[in-house]
Protein chains: 2
Amino acid sequence: MTYCIGLRLNSGLIFMSDTRTNAGVDNFSITKKMFTWNVEGDRVITIMTAGNLATTQALISLLDERSKITSERNPTILELPTMFQIARLVGTTLKEVIDDSNPAGPEASTKFKASVIVGGQINGGDPTLFMIYPEGNFIEVTDDNPFFQIGEAKYGKPILVRAYDRAMSFEDTIKLMLVSFDSTIKANLSVGLPLDLQVYEAGSFAVSNKPRIELGDAYYEAVSSGWGDALRTALDQLPSYKG
Amino acid sequence: MTYCIGLRLNSGLIFMSDTRTNAGVDNFSITKKMFTWNVEGDRVITIMTAGNLATTQALISLLDERSKITSERNPTILELPTMFQIARLVGTTLKEVIDDSNPAGPEASTKFKASVIVGGQINGGDPTLFMIYPEGNFIEVTDDNPFFQIGEAKYGKPILVRAYDRAMSFEDTIKLMLVSFDSTIKANLSVGLPLDLQVYEAGSFAVSNKPRIELGDAYYEAVSSGWGDALRTALDQLPSYKG
C-alpha cells in the first residue's frame, strides 16, 4: 500500500506521500511517489501515485517523455491550458497504461490498478486538486471536500476530518498531516518513512521543495511521541461517563 | 459492516458494539450484535458478531438452543468448564454454520463469513477475550494485544492504540471507546448508533447491562462535539513545523 494526502488551503496546496513499496512483507523498498513538473512563472503540477508500481512508473514515464518530444501532435503536461485538461490527460494516460498491461482481460486488470492525485496551478486559473481513478475519470476538490487521500486512508482520516480548516497556516497543516501519517504508520506496515513533502503557495508558480522527512527526523519524532500525551490530555478534557 | 470493540482492563472487561446492519446503502436497519449468557455466581459470557447477518444469527440461535436442550450429549455454553473451551465451541459452531450455508463451494463461502469476539469469566479462571475467525480458529488477548476490534476497525484504531491503558477506570475506558466509535461513525455509513455497551467487573460473575446509547444521547453528543475542540487543542500543544 501507500499513503498520500493532497490538501487545499486558502494559501495554497500541500502534498505529502510515504515512500514504502512492497510486494509481500518480505519484499519492500523505498520509492518516490511524488513527481513535479514546473514551468517557472506559468505552472506547477504535482502528481502523487498509489497502486501497482509498474503502472504508476509507466504513467509518470509516459507523461514525462511526451512532455519532452516537441514533435508530438498533442499538447503535453507542460502546455495544456487548464488544470482540468491536465487531469484529463493524466486520466487517459493512466487508462492507457492499465489497458496495455492487461491482455488477460478484466480479471487481471484489478492487479494493475492505480489511483492518482494531481494538483497545482496554471497561470490564469486557481490552485486545485483532482483525484483520478483507474478508469481514467476523476473528481475535483470542493469546499465541502477539500482534501484527497489515496492508499491506506482510513487510519489517518478521522484527525483530518476533525482538525482541518482551510484558513490554517502551512506549518500547522504540515503538523496535522504528520499526525495523520503517524497514526497510519503505527497501524500498518505497508506505509513507512521517509515522507516526501511539497508546499505550493498560491500564485507563486514556483516549486518549494521541503526536505524529505527521514526515519529519525527530530520533528517527526517530537510529533509522534508528543501526540500520545496530547491525546490523553484531550480525553481528560471530555466529560466523564456516568452510567 | 459493523464495529465492535472488546477490551480487557485490570478491573474487568468492556464490550461495545454498534447496531447497524445493511445489504446495500438502501437497505439498512437496526440489529443487536451483542449477546450475553449468565449463570449467576458461575459465569458471564458475552459474544459480539460482525459479518453476514444470516450467519451470525444462526450462530447465536444454535448456541442458545443447544444450551436449553438438557438431553444434548455435548456440554453447552452454560456448562463448559473454561473460557478456552467456550471459544472452541463458538469456533466449531461458526464453522458449522458457514459450511452449511455453503453448498456452492469455496467461492460462495466468502459471502457468508463472520467474525466473533467472545469474552467473559468462568469461576476458577480469569476474565479473558477471544477473537474467532470464520475458519473456526481463534486468538486470545495478551498484555501486548489487550483488545480486539471486528468489522470496520481502521478508523477507530489509532486512538485506542495511543490512549488505552489497562489500569484505566471503566468510566474513562467507555469515554475512550465512544471516541473510537465516533471517529468511525463520522467516516463510514455502515456503522451507526445506537450502541450497545456492557461492563463486566472481574470476579462478579454477574451481568451489569448499561443502557443502550441511543441517537441523540446527551453524553455521546458531548463527547462527539467536544472531541473536535479537544483534538485542535492537542494539536496546538505539539511543536510547530519549521521547514
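Residues numbered from 1 in each chain as written. Chains lettered and ligands numbered in written order. Predicted model: local features only at pLDDT ≥ 70, side-chain atom pairs only at ≥ 80, totals over all residues. Heavy atoms only, no water.

Enquirer: Would you mind going over the pattern of salt bridges in detail, with residue names and values included?
Expert: Residue and element names in this part refer to chain A. A complete count under the given rule lists 26 salt bridges over all chains for this structure. Residue Asp-18 pairs with Lys-33 through a salt bridge whose shortest N-O separation is 2.7 Å. You can see Asp-18 sitting in the loop between β2 (12-17) and β3 (20-22) and its partner Lys-33 sitting in the loop between β4 (28-30) and β5 (34-39), a full 15 residues away along the chain. Taken as a pair, Asp-18 and Lys-33 share a single burial class, namely buried. One network of salt bridges, in which partners are shared, links Arg-8, Asp-143 and Arg-166. (Salt bridge = Lys/Arg side-chain N within 4 Å of Asp/Glu carboxyl O. Helix = DSSP H or I, 4+ residues; strand = E, 2+ residues; numbered from the N terminus. Buried < 20%, exposed > 50% of the residue type's maximum accessible area, 1.4 Å probe, protein only.)

Enquirer: Give me the lowdown on the sheet that holds strand β11 (residues 196-201) of chain A, citing residues and values where you can.
Expert: Residue and element names in this part refer to chain A. Strand order across the open sheet formed by five strands is β10-β1-β2-β11-β12, with antiparallel pairing between neighbours. The open sheet has two free edges, formed respectively by β10 (147-151) and β12 (208-209), since each of these has just one partner strand. Note: β2 against β11, six bridges, orientation antiparallel. Looking across to β11, one finds that Gly-12 is bridged to Glu-201. (Pairing = 2+ DSSP bridges.)

Enquirer: Go over the relation of the copies chain B and chain A, please, and point to the residues and values.
Expert: What relates the pair of chain copies is a rotation about an axis plus a shift along that axis. With an RMSD of 0.0 Å, the fit of chain B onto chain A corresponds to turning through 180° and sliding 0.0 Å along the axis. Such a turn and shift between the copies fits a two-fold axis. Across chain B, the rotation axis passes nearest the C-alpha of Tyr-155 of chain B, at a separation of 2.3 Å. (Least-squares fit on C-alpha atoms with pLDDT ≥ 70 in both.)

Note that every value here comes from positions in space, so none of it alone points to a role or purpose.
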